[in-house]
Amino acid sequence: MLIKTRDFGEIDISENVIINFPNGIYAFEEDHRFVLLSPCGENKYPMWLQSLDNENLCFIVFDPREFVADYAVTIDEETKAALDIKEDSVIDYLSMAVIPDDYLKTTVNLKSPLVVNSNNNKAAQVIAQENYPIKFPALKKEEP
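From a predicted model like this one, the values you see are computed outputs, not experimental measurements. (Residues numbered from 1 in each chain as written. Predicted model: local features only at pLDDT ≥ 70, side-chain atom pairs only at ≥ 80, totals over all residues. Heavy atoms only, no water.)

Asker: Tell me about the environment of isoleucine 3, and please be specific about residues and values.
Answerer: Mapping isoleucine 3 onto the fold places it in strand β1 (residues 2-5). Distance from isoleucine 3 to glutamine 50, taken between C-alpha atoms, is 9.6 Å for residues 47 residues apart in sequence. Isoleucine 3 has contacts with Gly9, Glu10, Ile11, Ile13, Val35 and Leu52, leaving out every residue within four places of it along the chain. (Helix = DSSP H or I, 4+ residues; strand = E, 2+ residues; numbered from the N terminus. Contact = heavy atoms within 4.5 Å.)

See the structure below:
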């Protein structure tokens, strides 16, 4: 499948890598289909979370476990049902980055991660009940 991206032009992707956000992402509820692009190398962060519904919508994301080794959030029953999460589901988390003009001040949002059921590529953004910061320095890798 050929897609248009904000930063990389046209790219050919496999349909089985599409991540579906049934409710969209906060403030972008109209966009449901995304794909992770890894320009730094396969499975290397940062990655680009590119919308398939809007070529100009793209987020830079990180694995929050790169910053907090035991990172995990409590997922409520409604979200578990929406994402069809079972006991054996593989759950991945993504944290959105905010990259200011001075990129050394880049932060990641550990409070509102994207939760991805990797078994079926369904995802949702949640607000963690756990005490994680909204703005965690991305160039600092230690416990918040």
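Asker: Lay out the nonpolar core in plain terms, naming residues and giving numbers.
Answerer: Ranked by size, the top nonpolar core spans 29 residues in total, and within it Val73, Val108 and Val115 carry the most contacts. Of all elements in the fold, only β4 (33-37), β6 (58-62) and β7 (91-98) reach the threshold of two or more residues within this core. By size, the runner-up hydrophobic cluster in this structure holds 14 residues, among which are Phe21, Ile25, Leu94 and Ala123. (Core = buried A, V, L, I, M, F, W, Y, C linked by side-chain atoms within 4.5 Å. Buried < 20%, exposed > 50% of the residue type's maximum accessible area, 1.4 Å probe, protein only.)

Asker: Describe the packing of aromatic side chains, naming the residues involved and giving the relevant values.
Answerer: By the definition in use, this model includes 8 aromatic pairs. Geometrically, the ring pair formed by phenylalanine 21 and phenylalanine 34 is edge-to-face, given 5.3 Å between the ring centres and 75 degrees between the ring planes. Pair noted here: phenylalanine 21 is in the loop between β3 (19-20) and β4 and phenylalanine 34 is in strand β4, with a separation of 13 residues, a long-range link. We note that phenylalanine 21, like phenylalanine 34, is buried. Here the aromatic rings of tyrosine 71 and tyrosine 93 are separated by 5.4 Å at their centres, their planes lie at 80 degrees, and the arrangement is edge-to-face. Residue tyrosine 71 is located in the loop between β6 and α1 (77-82), and its partner tyrosine 93 is located in strand β7; the two are separated by 22 residues in the primary sequence. Its relative accessible area of 3% is what places tyrosine 71 among the buried residues. Of the residues examined, tyrosine 93 reaches a relative accessible area of 8% and is grouped as buried. (Phe/Tyr/Trp six-rings, centres within 6.5 Å; stacked < 30°, edge-to-face > 60°.)

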